[in-house]
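Below, each chain spelled out in residue letters.
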Amino acid sequence: GIAHLVALGGEHGITLPLLRAVARRAGPLALVHVDAHVDTWPDNFGQLYGHGSVFYHAIEEGLIDPRTMIQIGIRSP
């Protein structure tokens, strides 16, 4: 099985499907997120699944455990 996932760079549109696939096998995941933005908004400029909402949906779907999530480099509210 998959023990962990490392994804670097790219559009956040691939992040949620990757988290869904790994969480299906491993359960709720811990997350280290390195970015300038939190990406935890319920929507992004009216888009339900935009690049600024990926971790909101991952938390809501139970894919990641927010108690084991760390974000590094955040410079936005």
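Everything numeric in this text was worked out from a predicted model, so none of it was measured.

Conventions adopted
- Residues numbered from 1 in each chain as written.
- Predicted model: local features only at pLDDT ≥ 70, side-chain atom pairs only at ≥ 80, totals over all residues.
- Heavy atoms only, no water.
- Pairing = 2+ DSSP bridges.
- Helix = DSSP H or I, 4+ residues; strand = E, 2+ residues; numbered from the N terminus.
- Right-handed = clockwise from strand over helix to strand, strands pointing away.
- Buried < 20%, exposed > 50% of the residue type's maximum accessible area, 1.4 Å probe, protein only.
- Contact = heavy atoms within 4.5 Å.
- Core = buried A, V, L, I, M, F, W, Y, C linked by side-chain atoms within 4.5 Å.

Thoughts on the pairing of strand E2 (residues 64-72)
- As paired strands, strand E1 (residues 29-34) and E2 are joined by five bridges and run parallel to one another. Its bridge partner being in E2, histidine 33 is matched across the sheet by glutamine 71.
- Regarding topology, helix H2 (residues 54-60) serves as the crossover connection from E1 to the parallel E2, and that connection is right-handed.

A look at the side chain of threonine 15
- Its place among the elements puts threonine 15 in helix H1 (residues 15-26).
- Exposure remark for threonine 15: the relative accessible area of 19% places this residue in the buried category.
- Setting aside residues no more than four positions away along its own chain, threonine 15 makes contact with Val54 and Phe55.

Re the nonpolar core
- Formed by Leu16, Leu19, Val22, Ala23, Leu29, Leu31, Val54, Phe55, Ala58, Leu63, Ile64 and Met69, the largest nonpolar core amounts to 12 residues.
- Elements supplying a minimum of two residues to this core: H1, E1, H2 and E2.
- In terms of residue count, H1 provides more of this core than any other element does, four residues in total.
- Not counting the four nearest positions on each side in its chain, alanine 58 is found in contact with Leu16, Leu19, Leu63 and Ile64.

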